[in-house]
Amino acid sequence: MNFKKQLKEGLLTQNPVLVQLLGMCSTMAITTTIFNGLGMGVSVLIILTCSNVVISLLRKIIPDQIRIAAYVVVIAGFVTMVDLLLQAFLPDIAESLGVFIPLIVVNCIILARAESFASKNKVLPAALDGICQGIGYTLVLLVMSAIREFLGSGSLAGQQIFPSEYGVMMLTLPVGGFLTLGCLIALMQWARDKAEKKEGK
């Protein structure tokens, strides 16, 4: 178990959004404000970590034939808990995120980590993997949200920085999600290629 390696993978080399290209739907749909991005990111982080822990604990008793169905049941349980907690304590965020919280059940990031890591490792590494991948996902959402909110509507975390009429309104629309995510993926690929070339020398 190497925490630094897992953190580097979650943030950079195996970032769930920018490298593995998972969870695209929610990433583009809810990143219109920083609060949305933070709410979704933290929700996924909690669900991913808890699911990894439980799946790691049960990995030796879940039959291979039904493992995906078992993973979905575990994930659905935690999604339901998080959804109810958001509705009870943070109703504004719950309403803003809407259907995307229940859709975490079939989020490719969580299923991918359950299948590729949690089902093959002990509890502590599985928990750290969930935390590190969740942090990587959350940071991408926050960066996308900040770019789209600031350049699109002239505000940041709900505070107006410049008049909204001077913003690029297109960035607040669905196409803005595609453009912003595409630029971030391109930037990540460029940085990875540059790092690989540097290591090759």
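Everything below is about the structure printed above this text.
Since the structure is predicted, the reported quantities are computational estimates derived from the model, not experimental observations. (Residues numbered from 1 in each chain as written. Predicted model: local features only at pLDDT ≥ 70, side-chain atom pairs only at ≥ 80, totals over all residues. Heavy atoms only, no water.)

Engineer: A description of the environment of L84 should follow, citing residues and the corresponding values.
Structural biologist: Considering the arrangement of structural elements, one finds L84 in helix α4 (residues 67-89). C-alpha of L84 to C-alpha of T180: the two residues are 96 residues apart in sequence and 31 Å apart in space. (Helix = DSSP H or I, 4+ residues; strand = E, 2+ residues; numbered from the N terminus.)

Engineer: Could you give an account of the nonpolar core, with specific residues and numbers?
Structural biologist: Membership of the largest hydrophobic core comes to 40 residues, with the highest contact counts inside it found for L18, M40, I47, I104, I110, Y137 and L181. Among the elements of the structure, α3 (34-58), α4, α5 (91-97), α6 (108-116), α7 (123-153) and α8 (174-200) are those that each provide at least two residues to this core. Broken down by element, the residue count for this core peaks at 8 residues, all from α4. Excluding residues that lie within four positions of it along the chain, I104 makes contacts with M40, S43, V44, I47, I75, V79 and I110. (Core = buried A, V, L, I, M, F, W, Y, C linked by side-chain atoms within 4.5 Å. Buried < 20%, exposed > 50% of the residue type's maximum accessible area, 1.4 Å probe, protein only. Contact = heavy atoms within 4.5 Å.)

Engineer: Which residues make up the pattern of salt bridges, and what values do they have?
Structural biologist: Summed over the entire model, instances satisfying the criterion amount to 2 salt bridges. Across the salt bridge formed by E115 and R67, the nearest N and O atoms sit 3.0 Å from each other. With E115 in helix α6 and R67 in helix α4, this pair connects stretches of sequence that are 48 residues apart. When its relative accessible area of 24% is taken as the criterion, E115 is described as partly exposed. By relative accessible area, which is 28% here, R67 ends up partly exposed. (Salt bridge = Lys/Arg side-chain N within 4 Å of Asp/Glu carboxyl O.)

Engineer: Kindly report on the environment of T172, identifying the contributing residues and their values.
Structural biologist: In this structure, T172 sits in the loop between β2 (159-160) and α8. With 139 residues separating them along the chain, T172 and T33 place their C-alpha atoms 8.9 Å apart. Look past the residues within four positions of T172 in its chain and what remains in contact with it is T32, R148, G152 and S153.

Engineer: Give me the lowdown on the packing of aromatic side chains, citing residues and values where you can.
Structural biologist: Per the stated rule, a full pass over the model turns up 1 aromatic pair. Ring centres of F150 and F162 lie 5.4 Å apart, and the angle between their planes is 85°; this geometry places the pair in the edge-to-face category. Residue F150 is located in helix α7, and its partner F162 is located in the loop between β2 and α8; the two are separated by 12 residues in the primary sequence. (Phe/Tyr/Trp six-rings, centres within 6.5 Å; stacked < 30°, edge-to-face > 60°.)

Engineer: Lay out α4 with the relevant residues and their values.
Structural biologist: Each α-helix winds once per 3.6 residues, and so residues spaced three or four apart point in a common direction. Taking 1.5 Å as the rise per residue, α4 with 23 residues should run 33 Å; its terminal C-alpha atoms sit 33 Å apart, in good agreement. Along α4, the residues that are buried comprise A70, Y71, V74, I75, F78, V79, V82, D83 and L86. On its buried face, α4 is in contact with α3, α5 and α6. (Expected span 1.5 Å × (residues − 1).)

Engineer: Can you break down the side chain of N107 residue by residue, with the values?
Structural biologist: For N107, the position within the fold is in the loop between α5 and α6. Residue N107 is classed as buried on the basis of its relative accessible area of 6%.

Engineer: Explain unusual backbone geometry residue by residue, including any values.
Structural biologist: Positive phi outside glycine occurs at L21, with the angle close to 55°. Positionally, L21 belongs in the loop between α1 (3-13) and α2 (24-29). Its identity is not glycine, yet A157 carries a phi of approximately 55°, on the positive side. Assignment of secondary structure puts A157 in the loop between β1 (155-156) and β2. By relative accessible area, which is 31% here, A157 ends up partly exposed.

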